[in-house]
Amino acid sequence: MGEQIDEKLRIELQRQGVWVSSMQELYNWGRKNSIWPLQFGLACCAIEMIATAASRYDIARFGGEVFRPSPRQADLMIVAGTVTKKMAPQIVRLYNQMADPKYVIAMGACAISGGPFKQGYNVLKGIDRYIPVDVYIPGCPPRPEALLHAFMELQRKIDSQKLTGADKAEFLKPEQPSEFPVPKFGQHDLEPPANPDVFHPAIIERS
Amino acid sequence: MFIVIFIGVALAFPLIPLALAWLWRRFFQPPKPGPDKTSTYECGVESIGDAHVQFHAQYYLYAIIFLIFDVEAVFLVPFAVAFTGLPVGGFIAILIFLLLLLEGLVWAWGKGCLQWQP
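Residues numbered from 1 in each chain as written. Chains lettered and ligands numbered in written order. Predicted model: local features only at pLDDT ≥ 70, side-chain atom pairs only at ≥ 80, totals over all residues. Heavy atoms only, no water.

K.L.:
Please clarify how the pairing of strand E2 (residues 103-107) of chain A should be interpreted in this entry.
P.N.:
Consecutive side chains of a regular strand alternate in pointing toward one face of the sheet and then the other. Residue and element names in this part refer to chain A. Taken across its five residues, E2 has five buried, putting it largely inside the fold. Burial along E2 is two-sided: Tyr103, Ile105 and Met107 facing one way and Val104 and Ala106 facing the other are all buried. Pairing geometry for strand E1 (residues 76-80) and E2, over five bridges, is parallel. Its bridge partner being in E2, isoleucine 78 is matched across the sheet by isoleucine 105. Of the pairings in the sheet, the one linking E2 to strand E3 (residues 135-137) comprises three bridges and is parallel in character. From the neighbouring strand, alanine 106 faces E3, where its bridge partner is tyrosine 136. Note that the unit made of E2, helix H5 (residues 108-113) and E3 has a crossover that is right-handed. (Buried < 20%, exposed > 50% of the residue type's maximum accessible area, 1.4 Å probe, protein only. Helix = DSSP H or I, 4+ residues; strand = E, 2+ residues; numbered from the N terminus. Pairing = 2+ DSSP bridges. Right-handed = clockwise from strand over helix to strand, strands pointing away.)

K.L.:
Whenever I open this one, the interface of chain A and chain B confuses me. Can you help?
P.N.:
How large an interface is tends to be reported as the accessible area lost when its parts come together. Chain A puts 28 residues into the contact, and the matching count from chain B is 16 residues. Regarding the contact of chain A and chain B, the summed buried area is about 1,800 Å², with carbon and sulfur atoms giving 53% of it. Looking at the side of chain A facing chain B, the largest losses of area belong to Arg93, Gln97 and Glu179 of chain A, adding up to 29% of the total buried there. Inspection of the region where chain A meets chain B yields two salt bridges. Measuring nitrogen to oxygen at the nearest pair gives 3.5 Å for the salt bridge that ties arginine 93 of chain A to glutamate 46 of chain B. The interface formed by chain A and chain B includes 16 residue pairs in polar contact (both at pLDDT 80 or more). Broken down by secondary-structure element, the contributors of at least two residues to the side of chain A that touches chain B are helix H2 (23-32) and helix H4 (88-97) of chain A. (Contact = heavy atoms within 4.5 Å. Buried area = accessible area lost by both parts, 1.4 Å probe. Salt bridge = Lys/Arg side-chain N within 4 Å of Asp/Glu carboxyl O. Polar contact = N/O pair within 3.5 Å; in protein donor to acceptor, adjacent residues only side chain to side chain.)

K.L.:
Quick question: what am I supposed to make of helix H1 (residues 2-27) of chain B here?
P.N.:
Think of an α-helix as 3.6 residues a turn; residues three or four steps apart then line up on the same face. A rise of 1.5 Å per residue sets the reference length of H1 of chain B, with its 26 residues, at 38 Å; its end C-alpha atoms lie 37 Å apart and thus fit the reference within 8%. Of all bends in H1 of chain B, the biggest is about 30°, found at alanine 12 of chain B, and the proline proline 14 of chain B comes one to four residues later. (Expected span 1.5 Å × (residues − 1). Bend = angle between axes of the 7 residues up to and from the residue.)

K.L.:
What is the right way to read the pattern of salt bridges from this model?
P.N.:
Should the charged atoms of two oppositely charged side chains come close, the side chains can pair. Residue and element names in this part refer to chain A. Applying the stated rule across the entire model yields 11 salt bridges over all chains. For glutamate 12, the salt bridge identified is with arginine 15, shortest N-O distance 3.6 Å. One end of the pair, glutamate 12, and the other, arginine 15, are both in helix H1 (residues 7-15), three residues apart, so they sit about a helical turn from each other. Residue class for arginine 15 comes out exposed when judged on its relative accessible area of 63%. With a shortest N-O distance of 3.3 Å, lysine 173 and glutamate 170 are connected by a salt bridge. Judged by relative accessible area, glutamate 170 falls into the partly exposed class, the value being 41%. Each of Glu7, Arg10 and Glu25 takes part in one network of salt bridges that share partners.

K.L.:
How do you make sense of helix H3 (residues 44-53) of chain A when you look at a structure like this?
P.N.:
All names here are of chain A. Regarding H3, the residues found buried are Cys45, Ala46, Met49 and Thr52. End-on view of H3: buried residues confined to an arc of 105°, all on one side of the axis. Opposite its buried face, H3 presents the exposed residues Cys44, Ile47 and Ile50, each directed more than 90 degrees away. On its buried side, H3 packs onto E1, E2, H5 and helix H6 (144-160). (Arc of directions from axis to C-beta.)

K.L.:
What am I meant to see in the packing of helix H2 (residues 58-81) of chain B against helix H3 (residues 88-111) of chain B here?
P.N.:
The description of two helices packed together rests on the angle between their axes and the distance between the axes. All names here are of chain B. Their axes nearest at 11 Å, the elements H2 and H3 cross at an angle of 165°. In terms of orientation, H2 lies roughly antiparallel with respect to H3. The way H2 lies across H3 gives a crossing that is left-handed. Side by side, H2 and H3 meet where Ile65, Ile68, Phe69, Glu72, Phe75, Leu76 and Phe79 of the first sit next to Phe91, Ile94, Phe97, Leu98, Leu101, Leu105 and Ala108 of the second. Here the contact of H2 with H3 is built from residues that sort into 13 nonpolar, no polar and one charged. (Axes fitted to C-alpha atoms, helices over the stretch in contact; angles between N-to-C directions. Parallel < 35°, antiparallel > 145°, perpendicular 65-115°, else oblique. Left-handed = near helix turned anticlockwise from the far one by under 90°. Nonpolar A, V, L, I, M, F, W, Y, C, P; charged D, E, K, R; others polar.)

K.L.:
Please clarify how the nonpolar core should be interpreted in this entry.
P.N.:
For soluble globular proteins, the rule of thumb is that nonpolar side chains tend to be buried together. All names here are of chain A. Leu76, Ile78, Ile105, Met107 and Leu154 are the most contacted members of the largest nonpolar core, which totals 28 residues. Looking at this core, the elements that each hand over two or more residues are H3, E1, E2, E3 and H6. At six residues, the largest contribution of residues to this core is made by H6. Excluding anything up to four places from it in sequence, leucine 76 contacts Ile35, Trp36, Pro37, Leu38, Met98, Tyr103, Val104, Ile105, Phe151 and Leu154. (Core = buried A, V, L, I, M, F, W, Y, C linked by side-chain atoms within 4.5 Å.)

Here's what the structure looks like:
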């Protein structure tokens, strides 16, 4: 931790058979190779997620095969499918109940933005309105390879997270919240329709 | 001697990771409890009432009577499959078996076991 060893020196040392590591690397190496997802599926994307976990695509190669039935033991939430407004409060509550550090993959067009149901009255227009999303996978539904790619991207993110310093990982900062407000059913929509602390939509600039 | 080493290893194996986890939490991971995080897990739904619900003792009688006829069905299926090739003795045997169970049901009914008494 702290002092980073020069990359060239480390490669040179590795060539000579000397492995130099740090607490941070060891910790992140362990974390990224044992990501346990929370076991739930919402719609058709869940079928692709099941295929990813099954023998042909075999997410176990990346250490992610242990789908946990309880949020207490899970590190990763794969939001696989259409999030209806009826389901959104439960998703947020499950995310809140997960232990830190926790990550979210928004799988498929519906979880990202509402997808083909975006104009519908009953579908949430993206889970990132309420909880922070780490990796987005486009597609309707995304193929298992795409989920594996997202998983690898998440592993890359975990590997790059710092444990100390000003730019340390979000979950290590005491002021960073671990829970986000659960939306309530209003008269016409969920209230609030989005969490302004989490939801930062891209601003479209027209000239 | 061997057993002492064995016990030592058996203790060290769980205790060292637990101690490391504790140290890790102590120095790096800020605790972030909250009302949602510490609430009962019920598939994301807010739990209503207490999770420790008691079932009435009466339910036990229903369960055991159900179980008798559940097991009877297990015996009846192979009987039905082998019915055409069965000698008269087998047929009578299963009839006696059925009658015994039926008698049990009549007895339980007469005792008032099927009446729910709160």
